[in-house]
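Listed below are the residues making up each chain.
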Amino acid sequence: MAGGIRVWLGTNNFSKTDAPYFPEITIVRDVPTDYTPYLINGLLEA
(Lines give C-alpha, C1' and ligand atoms only; values in the text may rest on other atoms or scores of the structure.)
Protein backbone atom coordinates (compact mmCIF):
# COMPACT_ATOMS: atom_id res chain seq x y z
CA MET A 1 0.00 0.00 0.00
CA ALA A 2 1.27 3.44 -0.89
CA GLY A 3 0.00 6.80 0.24
CA GLY A 4 2.05 8.65 -2.31
CA ILE A 5 4.95 8.68 -4.73
CA ARG A 6 8.08 10.80 -4.99
CA VAL A 7 9.88 11.15 -8.32
CA TRP A 8 13.20 12.91 -8.75
CA LEU A 9 15.61 13.42 -11.60
CA GLY A 10 19.27 14.27 -11.39
CA THR A 11 21.87 15.66 -13.71
CA ASN A 12 25.45 14.52 -13.86
CA ASN A 13 27.23 15.53 -10.64
CA PHE A 14 30.60 15.40 -12.37
CA SER A 15 29.79 17.66 -15.33
CA LYS A 16 32.14 20.62 -15.60
CA THR A 17 29.80 22.58 -17.89
CA ASP A 18 26.40 22.24 -16.20
CA ALA A 19 25.35 23.00 -12.63
CA PRO A 20 23.81 20.08 -10.71
CA TYR A 21 20.02 20.04 -10.95
CA PHE A 22 17.76 17.73 -8.94
CA PRO A 23 14.05 18.52 -9.40
CA GLU A 24 11.53 16.41 -7.52
CA ILE A 25 7.80 16.15 -7.06
CA THR A 26 5.81 14.36 -4.37
CA ILE A 27 2.23 13.23 -4.84
CA VAL A 28 0.23 12.31 -1.73
CA ARG A 29 -3.01 10.38 -2.13
CA ASP A 30 -5.96 10.68 0.27
CA VAL A 31 -6.39 6.93 0.55
CA PRO A 32 -3.43 4.50 0.55
CA THR A 33 -3.69 2.06 -2.34
CA ASP A 34 -1.87 -0.67 -4.20
CA TYR A 35 -3.68 0.10 -7.47
CA THR A 36 -0.85 1.22 -9.77
CA PRO A 37 -2.98 3.12 -12.34
CA TYR A 38 -4.36 5.33 -9.53
CA LEU A 39 -0.85 6.24 -8.40
CA ILE A 40 0.42 6.83 -11.94
CA ASN A 41 -2.59 9.02 -12.69
CA GLY A 42 -1.52 11.30 -9.84
CA LEU A 43 1.93 11.63 -11.35
CA LEU A 44 0.51 12.47 -14.75
CA GLU A 45 -1.66 15.19 -13.18
CA ALA A 46 1.44 16.71 -11.57
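Residues numbered from 1 in each chain as written. Predicted model: local features only at pLDDT ≥ 70, side-chain atom pairs only at ≥ 80, totals over all residues. Heavy atoms only, no water.

**Describing the side chain of R29**
Link 1 in the chain: On the secondary structure map, R29 appears in strand β2 (residues 24-33).
Link 2 in the chain: No salt bridge is formed by the buried R29; its nearest oppositely charged neighbour, E45, is found at 4.6 Å.
Link 3 in the chain: Separated by 2.9 Å, the side chain of R29 and the backbone oxygen of Y38 make a polar contact.
Link 4 in the chain: Filtering out sequence-adjacent residues up to four positions away, R29 remains in contact with G3, G4, Y38, L39, N41 and G42. (Helix = DSSP H or I, 4+ residues; strand = E, 2+ residues; numbered from the N terminus. Buried < 20%, exposed > 50% of the residue type's maximum accessible area, 1.4 Å probe, protein only. Lys, Arg positive; Asp, Glu negative; His and termini not counted. Salt bridge = Lys/Arg side-chain N within 4 Å of Asp/Glu carboxyl O. Polar contact = N/O pair within 3.5 Å; in protein donor to acceptor, adjacent residues only side chain to side chain. Contact = heavy atoms within 4.5 Å.)

**Digging into the side chain of T33**
Link 1 in the chain: Among the secondary structure elements, T33 is positioned in strand β2.
Link 2 in the chain: There is a polar contact of 3.0 Å between the side chain of T33 and the backbone nitrogen of Y35.
Link 3 in the chain: When residues no more than four places from it in sequence are discounted, the contact partners of T33 are M1, A2, Y38 and L39.

**Re the pattern of salt bridges**
Link 1 in the chain: In the structure shown here, the tally under the stated rule is 1 salt bridge.
Link 2 in the chain: The salt bridge involving E24 is made with R6; its shortest N-O contact spans 3.5 Å. Of this pair, E24 sits in strand β2 while R6 sits in strand β1 (residues 2-8), and the two are 18 residues apart along the sequence. With respect to burial, E24 and R6 carry one shared label: exposed.

**Considerations on the environment of R6**
Link 1 in the chain: For R6, a relative accessible area of 55% gives the class exposed.
Link 2 in the chain: Sequence spacing of R6 and I27 is 21 residues, and the spatial spacing of their C-alpha atoms is 6.3 Å.
Link 3 in the chain: The residues contacting R6, other than those within four sequence positions of it, are E24, I25 and T26.
Link 4 in the chain: A distance of 2.9 Å separates the side chain of R6 from the side chain of T26, its partner in a polar contact.

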